[in-house]
Amino acid sequence: MIEPSDTAVQPAAAAPRVGIEALNAYCGVASIPVPALFAGRGLDPARIDNLMMRERSVGLPCEDPVSNAVNAARPLLDALPAGELARVELLVTSTESGIDYSKSVASYVHEYLGLSRNCRLVEVKQACYAATAATQLAAGYLASAASPGAKALVIATDVSLVDERAEYAEPAMGHGAVALLLSAQPRVLTLDLGAFGAYSYETLDSARPAPTFDIADADRSLFTYLDCFSNSFRDYATRVEGADFATTFDYLAMHTPFGGMVRAAHRKLTREFARDRFHAVDEDFQRRVAPALVYPTAVGNLCSGSVYLALASVIESADPAAVAAGARVGLYSYGSGCSSEFFSGLIDGESARALGELRIAEHLSARVELGFDEYAGLLDENKRCLVPERDRDAAAGLCRPILDRYPIERDLLVYTGTKAYHRQYEWLPLNPR
Amino acid sequence: MSSPTAHSRAAIARTVGEVLAEILPGVPVSPLPEHKHLRDLGADSVDRVEVILLALDRLGIAAPLSAFTDQPDLRAMIDFLHERSTR
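Residues numbered from 1 in each chain as written. Chains lettered and ligands numbered in written order. Predicted model: local features only at pLDDT ≥ 70, side-chain atom pairs only at ≥ 80, totals over all residues.

Re the interface of chain A and chain B
At the interface, 15 residues of chain A touch 14 residues of chain B. Counting residues per element, the ones that place at least two in the side of chain A that touches chain B are α6 (218-239) and α7 (259-273) of chain A. When its residues are assigned to classes, the side of chain A that touches chain B shows 5 nonpolar, 3 polar and 7 charged. (Contact = placed C-beta atoms within 7 Å. Helix = DSSP H or I, 4+ residues; strand = E, 2+ residues; numbered from the N terminus. Nonpolar A, V, L, I, M, F, W, Y, C, P; charged D, E, K, R; others polar.)

Observations concerning the environment of A:Leu331
All names here are of chain A. On the secondary structure map, leucine 331 appears in strand β12 (residues 327-335). Linking leucine 331 and glycine 345, residues 14 residues apart in sequence, is a C-alpha distance of 8.1 Å. Other than its neighbours up to four places away in sequence, leucine 331 contacts Ala253, Val307, Leu311, Phe343 and Ser344.

Brief notes about the confidence of the model for chain B
Of the residues in chain B, 94% reach a pLDDT of 70 or more, and the chain-wide mean stands at 91. What the predictor reports for the complex is a pTM of 0.96 with an ipTM of 0.91. (pLDDT = per-residue confidence, 0-100.)

Description of the sheet that holds strand β11 (residues 251-254) of chain A
In a beta sheet, neighbouring strands pair by backbone hydrogen bonds and run either parallel or antiparallel. Residue and element names in this part refer to chain A. Taken together, 9 strands build an open sheet; the order of strands is β5-β4-β6-β7-β1-β8-β13-β12-β11 and the sheet is mixed. Each edge of the sheet is formed by a strand with only one pairing partner; in this case those strands are β5 (120-124) and β11. On average, adjacent strands in this sheet sit at an angle of 25° to one another, irrespective of strand direction. The pairing of β12 with strand β13 (residues 339-347) spans 9 bridges and is classified as antiparallel. The residue of β13 that forms the bridge with tyrosine 334 is serine 340. Across the sheet, helix α4 (residues 105-112) touches β4 (88-94), β5 and β6 (151-158), and the angle it forms with β4 is around 135°. Along the sheet, α6 contacts β8 (189-200), β12 and β13; its crossing angle with β8, the most-contacted strand, is approximately 120°. (Pairing = 2+ DSSP bridges. Axes fitted to C-alpha atoms, helices over the stretch in contact; angles between N-to-C directions.)

Section: the packing of α6(A) against helix α2 (residues 45-59) of chain B
Running from amino to carboxyl end, α6(A) crosses α2(B) at an angle of 55°, the nearest separation of the two axes being 10 Å. With respect to their mutual orientation, α6(A) and α2(B) come out oblique. Of the two possible hands of crossing, α6(A) and α2(B) adopt the one that is right-handed. Facing α6(A), whose interface residues are A:Ala218, A:Asp219, A:Leu222 and A:Leu226, α2(B) presents B:Ser45, B:Arg48 and B:Val49. (Parallel < 35°, antiparallel > 145°, perpendicular 65-115°, else oblique. Left-handed = near helix turned anticlockwise from the far one by under 90°.)

What about the environment of A:Pro388?
Residue and element names in this part refer to chain A. Of note, proline 388 is situated in the loop between α15 (379-382) and β15 (392-393). Along the sequence, proline 388 and aspartate 100 sit 288 residues apart, while their C-alpha atoms lie 7.0 Å from each other. If we skip the residues at most four places from it in the chain, proline 388 touches Asp100 and Tyr421.

What follows is the structure, encoded as structure tokens:
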């Protein structure tokens, strides 16, 4: 374990302390075990080992990118001391699940979170990377102290459109959102300001050309992700004196399309940047990477929020004593198309306390387990989620039996339908006492 | 990664065969089915990455993975590695 004060990673001169003050993940209210999905689709079970996925979250027709974002962020804002809500001066939604060519997801989220009318709001898109771009831009804004005491809320939110046509990608896709409250009082992750590396170029590895389906070139996507990891780390190392892949980072949290991709990435970088340690690559993976996979392998690919779900997984799954002692996390964010970034930050015991208040693990365990037929019965309605329709009702009849089985009390924002292109939502108490 | 070393095409094909045998035990590699893609031999995407990276490693060749994306079969992969090793 390296001590933050001993590390080679030194923030920019006189850089203020900024980072993630609070983080919450909303990963839906339903899930399906990956083996059940393999069996239902007739996929080769021998491939589960390399996929490294256990369960995936499943969206309901009464959920969409807006409700997911609000359901992730609301608990963070509810926990703020009185008066602090008004200090959220920037709202960014990051999504590849847009609902309109002009009107942003953020405009609805702003309303249902009750944010100040003096808050800036905007939506960003760069596949699964966009939340990191927003986070870095927001961190720079906060560090500038242009508005001392301001907070920024970045919410990565997406829905899945996959069905049997996606073959082995179907069991790996997730559903949900991650909300990051950024400020100059970071409790969850203190960013190493100025310690980053980026790598981007144009390629068509995966995309969502229409509101009802995705396209993906499996090899191009995997190879691009892996090449970008090497190159973004290389850029990081040019900016951070002494940065060493093997020793600078106590943990690594990566964008997780599926667990096997993260394992392949760790092996590739160990070969390239820590060749003399490759003989112990499996042990190193278990120690520094496996904690980041506990949540992602139970949720599926959250797209833009994936790397931050991996961060939450590190904080809550790694050795608590090691986290409490202070640890540096290297984060790798990748978005098809493509853009990528490697950056880092510090976690400690306060990170674990801050996350613990959100009960992420409890909410993951509470998801209603669906059988294959029940899962498959949702897909046609789910594929309408992003289609612009003038008027429609959400398929409440498909949702109610599942929502009624949700075992713990919570308030959930649900999508109820669209009237004259205006999306409608309501708060629904689940399992009220 | 060491400096590129010139290898004969036959030596590269032999190394690719050895790597395949390690990553995909049971796949017949003698003679090497050069007209097939790794996918046709049962390699999933993670296996394909491992085969390519291990072959690059053994041969001391540096190349981005993206260079392998559009290769239609093992023959094209071996030709590419041969061309890289003689640069």
